[in-house]
Structure formats: structure tokens, C-alpha cells
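Observations on chain architecture
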Amino acid sequence: MNLEISALKYLDEIKNENFTVEEFISKTIEHIKKIDGNLHAFLSINEKAIQQAKEIDRKIKSKEKIGKCMGMPLSIKDNICVKDTKTTCASKMLEDFISPYDATVIKNLKSEDAIIIGKTNLDEFAMGLTTEFSAFGPSKNPWNTDYVPGGSSGGSAVSVSALECIASLGSDTGGSVRNPASFCSTVGFKPTYGLISRYGLISYSNSIEQIGPLTRTVEDTAFLLNIIAGQDPMDNTTIDNKGENYLKNLDAGIDGKKIGVISEMTKNVDKEVSSATKNAIVQFEKLGAKIEEISLDMIDYSVASYYTITATEAGSNLARYDNLRYGYDFDLEGYEFNSYISKARKNFGPEVTRRMILGGFVPSAGHAGKYFLKALKVKNKLTAEINEAFTKVDLLISPTVPILPFKFGEKIDDPVALFLIDFNTVTANLTGKPAISVPFEISNGLPIGIQIHANTLQDKLVLQAAHALEKTTNLPGVSI
Ligand code: GLN
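First things first, this report covers the structure right here in the doc. As the structure is a prediction and not an experimental result, all values here were calculated from the model.

**Describing the site of the ligand**
- Neighbouring residues of the ligand: 15 residues in total, closest Gly174, Ser176, Tyr204, Tyr306 and Arg355.
- Within the backbone of Gly174, an N or O atom sits 2.6 Å from an oxygen atom of the ligand.
- In the environment of the ligand, an oxygen atom lies 2.6 Å from a nitrogen or oxygen atom belonging to the side chain of Ser176.

**A word on the packing of helix H7 (residues 218–228) against helix H15 (residues 459–470)**
- Running from N to C, H7 and H15 point in directions that differ by 155°, and their axes come no closer than 9 Å. Compared by their axis directions, H7 and H15 come out roughly antiparallel. Residue-level inspection shows Val218, Glu219, Thr221, Ala222 and Leu225 of H7 in contact with H15, the latter providing Leu463, Ala466, His467 and Glu470.
- Grouping the constituent residues of the contact of H7 with H15 by class yields 5 nonpolar, 2 polar and 2 charged.

**Let's talk about the nonpolar core**
- Membership of the largest hydrophobic core comes to 93 residues, with the highest contact counts inside it found for Tyr10 and Leu109.
- When neighbours within four sequence positions are excluded, Tyr10 is seen to be in contact with Ile5, Phe19, Val21, Phe24, Cys69, Met70, Gly71, Met72, Pro73 and Ile166.
- Grouped together as the second largest cluster of nonpolar side chains are 43 residues, Ile208, Phe372, Val378 and Val426 included.

**Notes on a positive patch on the surface**
- Residues Lys370, Lys374, Lys377 and Lys381 make up a contiguous surface patch of positive charge.
- Secondary-structure assignment places Lys370 in the loop between helix H11 (350–361) and helix H12 (372–392).
- A residue is classified by how much of its surface remains accessible, and Lys370, at 46% relative accessible area, is partly exposed.

**Digging into the state of the cysteines**
- In this structure the tally under the stated criterion is 0 disulfides.
- In this model Cys69 remains outside any disulfide bridge; the closest cysteine sulfur is found in Cys165, 13 Å from its own.
- Of the residues examined, Cys69 reaches a relative accessible area of 0% and is grouped as buried.
- Cysteine Cys89 shares no disulfide, and the gap to the nearest cysteine sulfur, in Cys81, comes to 7.7 Å.

**A short note on the pairing of strand E7 (residues 258–262)**
- Within E7, 4 of the 5 residues are buried, leaving the element largely enclosed by the surrounding structure.
- In this sheet, strand E8 (residues 290–294) lies alongside E7 in parallel orientation, the contact comprising 5 bridges. Across the sheet, Val261 pairs through a bridge with Glu293, a residue of E8.
- Following the backbone out of E7, through helix H8 (residues 271–286) and into the adjacent parallel E8, one traces a crossover that is right-handed.
- Bridging between E7 and strand E9 (residues 395–399) involves 3 bridges; their strand directions are parallel. What sits directly across from Ile259, in E9, is Leu395.

**So, the packing of aromatic side chains**
- Following the criterion strictly, the structure yields 14 aromatic pairs and no others.
- When the ring of Phe361 is compared with that of Tyr371, the centres are 5.8 Å apart and the planes differ by 45°; the resulting orientation is tilted. Of the two residues, Phe361 is situated in helix H11 and Tyr371 in the loop between H11 and H12; the sequence distance between them amounts to 10 residues.
- Since its relative accessible area comes to 38%, Phe361 is described here as partly exposed.

**A closer look at the sheet that holds strand E3 (residues 115–120)**
- Spatial ordering of the open sheet is given by E1-E3-E2-E4-E6-E5-E10-E11-E9-E7-E8, a layout of 11 strands whose pairing is mixed. Unpaired on one side and paired on the other, strand E1 (42–45) and E8 mark the two borders of the sheet. The sheet shows a mean angle of 30° between the axes of neighbouring strands, taken without regard to direction.
- This element, helix H4 (residues 104–111), spans strand E2 (73–77), E3, strand E4 (167–172) and strand E6 (210–215) of the sheet and lies at about 175° to E2.

**Remarks on the pairing of E2**
- Among the 5 residues in E2, 5 count as buried, and that is most of the element.
- In E2, alternate side chains face the same way, and those of Pro73, Ser75 and Lys77 on one face and Leu74 and Ile76 on the other are all buried.
- Inspection of the sheet shows E2 paired to E3 by 5 bridges, in the parallel sense. When the bridges of E3 are listed, Lys77 appears paired with Thr120.
- Where the polypeptide runs from E2 across H4 and back to E3, its parallel neighbour, the crossover connection is right-handed.
- Judged from the 3 bridges that link them, E2 and E4 form a sheet pairing that is parallel. Residue pairing for E4: Ile76 is matched across the bridge by Leu169.

**Points about the side chain of Thr120**
- Residue placement: Thr120 occurs in strand E3.
- Within the structure, the side chain of Thr120 is placed 2.9 Å from the side chain of Ser156, a separation counted as a polar contact.
- The contact partners of Thr120, leaving out residues within four places of it in the chain, are Ala41, Phe42, Leu43, Ser75, Ile76, Lys77, Asp78, Gly155, Ser156, Ser159 and Ser168.

**Things to note about the packing of helix H2 (residues 21–39) against helix H3 (residues 49–61)**
- In the contact formed by H2 and H3, the axes pass within 8 Å of each other and the chain directions differ by 160°. With respect to their mutual orientation, H2 and H3 come out roughly antiparallel. Classified by chirality, the crossing of H3 by H2 is right-handed. Counting all contacts with H2, which are made through Val21, Glu22, Ile25, Ser26 and Ile29, the residues of H3 involved are Ala49, Ile50, Ala53, Lys54, Ile56, Asp57 and Ile60.
- Residue composition of the contact of H2 with H3, by class: 8 nonpolar, 1 polar and 3 charged.

**Topic: the pattern of salt bridges**
- Per the counting criterion, the structure on display carries 19 salt bridges.
- Salt-bridge contacts for Glu112 lead to Lys68; the nearest nitrogen and oxygen are separated by 3.7 Å. One end of the pair, Glu112, is in the loop between H4 and E3; the other, Lys68, is in the loop between H3 and E2, and 44 residues separate them in sequence.
- The salt bridge involving Glu388 is made with Lys392; its shortest N-O contact spans 3.7 Å. With Glu388 and Lys392 both in helix H12 and 4 residues apart, the pair spans about one turn of that helix.
- Owing to a relative accessible area of 43%, Glu388 belongs among the partly exposed residues under this scheme.
- Accessibility expressed as a relative area gives 44% for Lys392, which makes it partly exposed.
- What you see here is one network of salt bridges that share partners, running through Glu55, Arg58 and Glu64.

Conventions we followed
Once a new chain begins, its residue numbering starts again from 1 and follows that chain's sequence as written. Selection of residues for local features in this predicted model requires a pLDDT of at least 70, selection of side-chain atom pairs for listing and counting requires 80 or more, and totals for whole chains, interfaces and linings are taken over all residues. Hydrogen atoms and water are omitted, and side-chain values are computed over all heavy atoms in the structure. Think of it this way: one heavy atom of a residue within 4 Å of a molecule or strand is enough to make that residue near it. In the analysis that follows, any N or O atom pair within 3.5 Å is treated as a polar contact, provided that within protein one partner can donate a hydrogen and the other can accept it, and provided that, for residues neighboring in sequence, both atoms belong to side chains. Every axis corresponds to a line fitted to the C-alpha atoms, with the helix fit spanning only the stretch in contact, and the corresponding angles, defined between N-to-C directions, vary from 0 to 180 degrees. Under the scheme used here, helices are H or I runs from DSSP no shorter than 4 residues and strands are E runs no shorter than 2 residues, and both carry numbers assigned from the N terminus. Any angle that falls under 35 degrees is termed roughly parallel, while one over 145 is termed roughly antiparallel, one within 65 to 115 roughly perpendicular, and all others oblique. For this analysis, residues touch if any pair of their heavy atoms sits within 4.5 Å. For this classification, the nonpolar set comprises Ala, Val, Leu, Ile, Met, Phe, Trp, Tyr, Cys and Pro, the charged set comprises Asp, Glu, Lys and Arg, and every other residue, Gly included, is treated as polar. We call a set of buried residues a nonpolar core when its members are Ala, Val, Leu, Ile, Met, Phe, Trp, Tyr or Cys and they connect through side-chain atoms within 4.5 Å of each other. Buried means the residue's accessible area, taken with a 1.4 Å probe over protein chains only, is under 20% of the maximum for its type, while exposed means over 50%, and partly exposed covers the values in between. The patches reported here contain residues having more than 30% relative accessible area and no salt bridge. Joining distances are 9 Å for like charges and 5 Å for nonpolar side chains (Val, Leu, Ile, Met, Phe, Trp, Tyr). Per-residue and other accessible areas follow the Shrake-Rupley method at a 1.4 Å probe size, with only the shown protein chains counted as cover for residues. Definition used for salt bridges: Asp or Glu carboxyl oxygen within 4 Å of a side-chain nitrogen of Lys or Arg. Under this rule, positive means Lys or Arg and negative means Asp or Glu; His and the chain ends count for nothing. Lysine's charge is taken at NZ, arginine's at CZ, aspartate's at CG and glutamate's at CD. Here, a disulfide means two cysteine sulfur atoms that sit within 2.5 Å of each other. The criterion for strand pairing is that DSSP finds at least two bridges linking the strands in question. Here is how to tell: hold the view so the strands point away, follow the path from the first strand over the helix to the second, and if it runs clockwise the crossover is right-handed. Classification of ring pairs uses Phe, Tyr and Trp, with its six-membered ring standing for Trp, and accepts pairs whose centres are within 6.5 Å; under 30 degrees between planes counts as stacked, over 60 as edge-to-face, and the remaining range as tilted. The handedness criterion is simple: a crossing whose near helix is rotated anticlockwise from the far helix by less than a right angle is left-handed, and one whose near helix is rotated clockwise is right-handed.

In C-alpha cells:
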């Protein structure tokens, strides 16, 4: 039995009775036990997974109605609530928090008989892009364990590429699904804002973030979207996708499509990344697409706008961690309000603290017009610009991340340098557009992903283009 199979292949194997769910889950857990001490993709493992597998096998055997996932093991970023399991956000603040309910995406997956194999590591509260800001220690890149796996959904990407699950769900506020997908050579998709319910995703910056799948193939992303996308009464920012079937016509190809290369996103990139992007352009041309350069002036302000907006929303969203409803228990005696809150907030790590200080300052009296409102104007202008671009082209492409994966410790002391690594990913979040990272090359043992954007609700077009590009590659899996 090979753990390196796609979700769709897994379903075939189960249907053909080549192995049982229990066999697959047992082997996956054994594999996790063997390698995860080193990789640290997981923060917790589902102790009931084998029992759940047995129950699904029983249903299959007795020909009862069985869900579309047929017991496949999925990992879930630890900022998405899974009932009766710890949801820590990789923070000391929530170290012992047990979620009393399932996020809508989890409810949907469970009702299709997915097995949640475990909860994956992240930068604390999804702030960061290396997993170095996890309060419980970083995850390592399985392609080279001296290197960061990307983030913040680093544990999710590691678990998919290191065969510790079939697929994963992460969250993407400014690139947190696409960045680790690129660094670990998996597919990573950030859908149109509102396509997937955020109910049960612990908010960092709720006006721009989305849950998104990390998978081995584009088909698998389409498969998962069919289960988790669509309107949810529990999240009134969700939109009606009219029951779209993302697997249907995935093979449509991109012959005749117009593709814009975002010029700002191809400057200041590592030479290996630049060469991979040129190679991708050649492949797109061979597939029949017409390529042109597109320049988006406002992009130069996108990172500043992104961090201004997200810090402000984080400041507000994280205000609830006041040690009264969540956090550690310590005696109130001897504290007045400010000293109590400041002691409680010591449970936050350095990056979250930085964002909260920024998020308190930016919208404060006398400053809001200078920073927050300006950032919103950039967001609106950038959206107008990208909408205009989509009147000329069908798709926009760029490298997912401007640089190759880097070593632990290399950038952790330079927050602005870290922020700038998000240059190519934040635009999709600020504008609400769908974007995907497709594994495209391995350069000296380090993965490089290509990013494809489309207009609002053209998620299927993104997947079709990604599928076409994916078929031009023949990348090795990681050797573990
Ligand atoms: N690196 C970005 C940040 O720290 C993106 C994080 C994310 O998408 N959750 O905000």
C-alpha cells in the first residue's frame, strides 16, 4: 500500500477493495509516528481515527450509504475548530482550549466520512510565514529539514508533502495556504472571498481571509471544494456558488485564453524563481494561451496596506483573549485592569504582540485617517485596477513567492523582510480574487510554485488553468 496517492486515487483503491480504510489509516498513523517527531507537522493526533476507520469499513461492507471521502485522512490547521479536540492556534493562550463545535467545513467533511487525522502546526494565530512563530516549535520542510516549510499553514503543507495525510485545510489571510504549498511542493488554493464558510475558523483578519485546501493534485482541490464550498447561514459573508461542480470540465484547458504576467511580481525575485516563471510562461504558450505583461501600479503599496488592515482587524479580533473567557487562570488579587490585561497578554508570542501593538495604534484617534483609511483606499484602488486588468485578460500569473525556501533563523529578526515575502500573495486577499499555487519546479532540492489568479467567482477557471499547467510537469515526491 502506497501512502503517496491522490484523494481520487484513494477513492478508487477503496472502491476496488485494494485495502481497507483501517489499513490505510493505521499505516498513515505509523508513518506519522515515525517521522513527525522530526518534521513536527502536527500539534495533535486524532486518537479515535482507527475506531472511526473501522466504522467506515463496516458501512462499506454492509453496503450502507457512504460519504464521498470514504475515510480518507485529512489534516486540519489548528485554527479551525474540530469538536471535542484542542484548537490551539499554536498559541499558549489557547493551549488547553477544546472546541465545543465543528467549523462548517469540518461538519461538511465529517458528513462525507472524512477522517480528521490531526491538527497541524502554524505560526501563532496564523501570523507569519515560516511556522517559526508557533509557540510549540516550528515545522520543518521535508524537502530539506534545515529550511522553513513556509507558513502560516506550514504544518498542513508538510503533512501533505510528507504523506502524513491525503490532503489538508489551511487558512489564507495573505498567502498562508499558497506560500507553504509553494515551499513544500503541494497545490494550495485561496478561493474567492466568501466561497468557503469561515464559521469555526478562528479569526485573524476576517474581512480578507479564507479557508483553503492543500492537496497533491489540482483535481483533489476541486474534489474538496465540491464538499466545502457554498453558502452557509452561519457565515453571512458566504456567497451562493450555485452548487458548482469543480471537477466537471477540469480538463477544459486554456487554449485561446489571455494570460497577463504581473510585471511587479516578477521583479526582485530569486533567479531560480525567475527562470521557473519563464519556463511556466513557455508552457502556457504551448497550451495555446496568449501572454502579455500587465502592470498594476497599486501593488507597490499592497504589503503596507495588507499589514495595516490585518493588524487592525487582529487587534480587534484578539481583544477577546483577555484571560477571562480564554487563557490561563491566575488570581485576580493584586491587579487593576491594565496590569491584569498586560499579564494575561504575556501569553502571546512576539509576532502576535507586535501585530496587536500595531493594531492598537493604527486605528487610534488622530491616526486612523493617516493609516487605516489610507490602507482601505489602496485596497479599493487595487481592486479597481485588477478588475480593469480582468477586462483585458482571463488570468493573471506570477511566481507564488518571490524567493526560494530559506533556512531557519535567517529572517526571523527582520519583520519587514518577512512581510515583503508576501508581496506576490496579498493582492488576491486584498481584492478577494481566487488564486492558486501549483508546484512547478524543484531547484537544487527546493520547490518553486507558480501562482494563477482569476476574477471573482472564476474559481473553476483557476483550477482549469492550474490543472493544465500541472500536467506539463512531472515532479518527484519528497524522499523521506
Ligand atoms: N504572512 C502573512 C501574515 O503574517 C500571511 C498570514 C496568513 O495568510 N495567515 O499576515
